[in-house]
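So you can see what is in the structure, the chains are spelled out below.
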Amino acid sequence: MAAPVAASAPGKLILFGEHAVVFGEPALCTAIDLRTEVFARPHAEWLVDGASLDDPKYRYVKAAVRRSRMENPLWLEIRSMIPTGAGLGSSAAVTVAALGALASLRGAFDPPAIAREAFEIEHEVQGRASPIDTSTATAGGGVLVRPDEGDDLLWTITRDTRRWCLHRCPLPELTFVIGYTGIGAATGPLVAGVKERVDASPKAASMVREIGHITMDGLVALQRNDLVAAGRLMDQDQGLLDELGVGHPMLDRLVTAARKSSYGAKLTGAGGGGSMVALTDEPERTAQAIRDVGGRPFLVHTDPVGVRRMP
Ligand code: MEV
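Residues numbered from 1 in each chain as written. Predicted model: local features only at pLDDT ≥ 70, side-chain atom pairs only at ≥ 80, totals over all residues. Heavy atoms only, no water.

Trainee: I'm lost on the site of the ligand in this one. Help?
Mentor: Not every one of the 14 residues close to the ligand is listed here, only the nearest: K12, H19, A129, S130 and D133. Here an oxygen atom of the ligand and a backbone polar atom of H19 are 2.9 Å apart. At 2.6 Å from an oxygen atom of the ligand is found a side-chain nitrogen or oxygen belonging to S130. Contact with the protein chains covers 99% of the free accessible surface of the ligand, which is 300 Å². More than half of the atoms of the ligand fall within 2 Å of the grid points belonging to the largest pocket. Of all elements in the fold, only β1 (5–16) and α4 (132–139) reach the threshold of two or more residues within the shell around the ligand. Classifying every residue of the shell around the ligand gives 7 nonpolar, 4 polar and 3 charged. (Near = heavy atom within 4 Å. Polar contact = N/O pair within 3.5 Å; in protein donor to acceptor, adjacent residues only side chain to side chain. Areas by Shrake-Rupley, 256 points an atom, 1.4 Å probe, with all protein chains shown as cover. 1 Å grid on protein atoms, 1.4 Å probe; cavity = no way out; pocket = protein on both sides within 12 Å on 5 of 7 lines; lining within 4 Å. Sits in = over half its atoms within 2 Å of the grid points. Helix = DSSP H or I, 4+ residues; strand = E, 2+ residues; numbered from the N terminus. Nonpolar A, V, L, I, M, F, W, Y, C, P; charged D, E, K, R; others polar.)

So this is what it looks like as structure tokens:
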């Protein structure tokens, strides 16, 4: 039997700028040390984890298969450490790892091409989206998305009138405490809800721009290691995200509990449940505070490695 070909990709943690980035505003994200692996082996029919590729839970993988135009069927297997619906980029990681494995089989492993394809797939499956999750899963490490090109440009991605320039963005060594609400939330409807608000209200549109300013200030604060300022900006970002309708009472509970031992805390990813992130130098205390109010805490670190072929 032929040996499987495999690729892996990391999950992600958005520090500043979720939702606003869909409108072309800046956002700051880091890959995290929770990864998804996809194995591919020639087989008589297409299967994923022994099941049909048509199962809706494999729609990202199916889209990756369709786009990669493989001639012969494969048996794919997914192993993931990233909880789904938790705002930590599980769909992006599986999409990127699947594209990576399929590209390896074709001898065409090219990260910028994988990032572009993965964004198209996310757009197709999720609806309106930005490339932040898929590009971070591809590039690894810290990633800054901006509408204009600056130093350390990785690649640019365009869609209708929007243009995202993805940059490598080194961040200081930080430990983040994630608090998972246990409530899975689909990203597509949350993104669509924010668009409705922005289309209907100039105030919502100006909140989106304000999140863009917070992101750039937050980046400066983190790079100066000014955690007090970074934490305050996270709190402000959380207030705006809440007003844009992507909060949840359980997120409020976790954020409030975590703030007692943190510089700041906010939801991360699409919201509506999912997870929050706290910036803290007392990770154990913050994790316990999250646990005490019913959340599931875990500690994550930046993963510098993006999509990679596995030996
Ligand atoms: C989801 O992880 C991040 C959002 O900004 C959606 C997107 O950028 O596609 C909410």
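Trainee: I would appreciate a short explanation of helix α8 (residues 249–259) in the present structure.
Mentor: One full turn of an α-helix is made of 3.6 residues, so residues set three or four places apart face in the same direction. Along α8, the residues classified as buried are M250, L251, L254, V255, A257 and A258. The buried side chains of α8 occupy one side of the element, clustering within an arc of 165° when seen end-on. Looking at the buried side of α8, the elements it contacts are β8 (175–180), α7 (227–243), β9 (264–268), β10 (275–279) and α9 (283–292). (Buried < 20%, exposed > 50% of the residue type's maximum accessible area, 1.4 Å probe, protein only. Arc of directions from axis to C-beta. Contact = heavy atoms within 4.5 Å.)

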